[in-house]
Amino acid sequence: MKILLVNTLYYPNIIGGAERSVQILSESLVQNGDEAVVVSTFSGVGTKLDWINGVKVYYVGLKNLYWQFQDIPPPKGLNLLWHTFDTFNFLMVNELEKIIDIELPDIVHTNNLAGFSVWVWRLIKKRKLPLIHTLRDYYLLCPRSGGMMYRKGKNCHDQCQNCKLFTIPRHELSAIPDAVVGISHFILNRHLTLGYFNKVAVREVIHNAYQAPTILPSCKVSSLQGKPLTLGYIGRIDQTKGIELLLQALEQIPQQDWELKVAGKAPDSYKDTLEKRYPMPNVRYLGFIKPEEFFSNIDVLVVPSLWQEPLGRTVLEAYAHGVPVIGSNKGGIPEIIEEGRTGFVFNTEHLETLKNHIVKFINTPHLIEETSINAQVKSKEFTLDYILDSYLKVYKSVSVS
């Protein structure tokens, strides 16, 4: 079976979990004996072809006003024009059609569509190809605020009137796919509640996959005796990810009881702001660090996101390394935390709940051993084989015999 996967970005152009997840799925398909062809965008001109770990990858130069992942923000007002053109980007649709003519796939699986346009769905159905779409972001709902449905420090609980009007074509065309998959119940239900995919019969939830290169020892109690609890934060460092919420909670706990390791990229100006605003010597900013190195040196991961994360990939990474998680009650994060078994969920509106969960780990060292073992067991739900098998079942359900 040949599956053509469409995603905004692909390796080595990685900025988030979607690119990693599509790569993992594509390479798993190849290992399973199927053919995987990926089509993605890049900042150049024309179309480049490459092979990566057995996956055939097309990089199509984006045909729009600007490259949306550039470091310098576009002039004010161009964002709306970019998204308007993106909704009806027939130039990119034509490029995809050329690739479909060459590859003749059995199934098309779309993922993040920014850069390609939802009009690719019309093309795919015109070709009478089975079509699956995986919801990994809020692109279909929100052209503003980076598509996060998060503005002025608050989550959008509904579409604002501007977004609702602007996304009418996306809403209407969402009836085209044969199957829709959410990487969490939260993101799938968010779209269904707003009337998206109302004619799609196959609706599934398939979490992302992650598998650690090696299994690490789960018992960490002996190393904690007489030592502070080592907390970890990994990922993009900005306000929406809740890093300041975590630092505020730690200010209320005696510093001899804990240390925090922060891994990830942050603008120098924001990092300076954090260090001045929260001058705690036991907070270490590590910059980029490999996950296996990071997780082997922490006891508990904290995922304090303020915005509605579609899932929370770092939770899966922590579990695979035998690390329990304290996560916020936002988006899909609570779905993958078993309260009291693999970690705890806290309410971002009540800082005390985050503080209490940290103190619980400090005062109950054996809890780390118990939750660490449970986290490794939980990680089996996100293995490559488990997620691949789930997608193969969806592919089979929509395949034309």
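The model shown is predicted, which means the values in this text are computed figures rather than measured ones.

The rules behind the values
Residues numbered from 1 in each chain as written. Predicted model: local features only at pLDDT ≥ 70, side-chain atom pairs only at ≥ 80, totals over all residues. Heavy atoms only, no water. Buried < 20%, exposed > 50% of the residue type's maximum accessible area, 1.4 Å probe, protein only. Helix = DSSP H or I, 4+ residues; strand = E, 2+ residues; numbered from the N terminus. Contact = heavy atoms within 4.5 Å. Pairing = 2+ DSSP bridges. Axes fitted to C-alpha atoms, helices over the stretch in contact; angles between N-to-C directions.

Quick look at helix 4 (residues 119-126) now. All of the buried residues along helix 4 are Trp119, Val120, Trp121, Leu123 and Ile124. Elements that come into contact with the buried residues of helix 4 comprise helix 2 (78-87), helix 3 (90-103), strand 5 (107-110), strand 6 (131-135) and helix 6 (168-173). Once helix 4 finishes, Lys128 follows within two positions and takes phi at roughly 60°, a positive value.

Turning our attention to unusual backbone geometry. With an omega dihedral of 5°, the bond running from Tyr11 to Pro12 counts as a cis peptide bond. In this structure, Asn53 is a non-glycine residue whose phi angle is positive, near 50°. Its location among the elements puts Asn53 in the loop between strand 3 (47-52) and strand 4 (55-61). By relative accessible area, which is 55% here, Asn53 ends up exposed. A positive phi is found at Lys128, a non-glycine position, where the angle reads about 60°. Looking at the secondary structure, you find Lys128 in the loop between helix 4 and strand 6. Residue Lys128 is classed as exposed on the basis of its relative accessible area, which comes to 71%.

Before going further, it helps to examine the sheet that holds strand 14 (residues 300-303). In spatial order, the strands read 13-12-11-14-15-16; together these six strands make up an open sheet with parallel pairing. This sheet does not close on itself; its edge strands, each paired only once, are strand 13 (283-287) and strand 16 (343-346). Each strand axis lies, on average, 20° off the axis of its neighbour in the sheet, ignoring direction. Pairing geometry for strand 12 (residues 258-263) and strand 13, over four bridges, is parallel. Considered in strand 13, the bridge of Val262 is made with Tyr285.

So, to be careful, I would describe these as geometric facts and stop short of saying anything about function.
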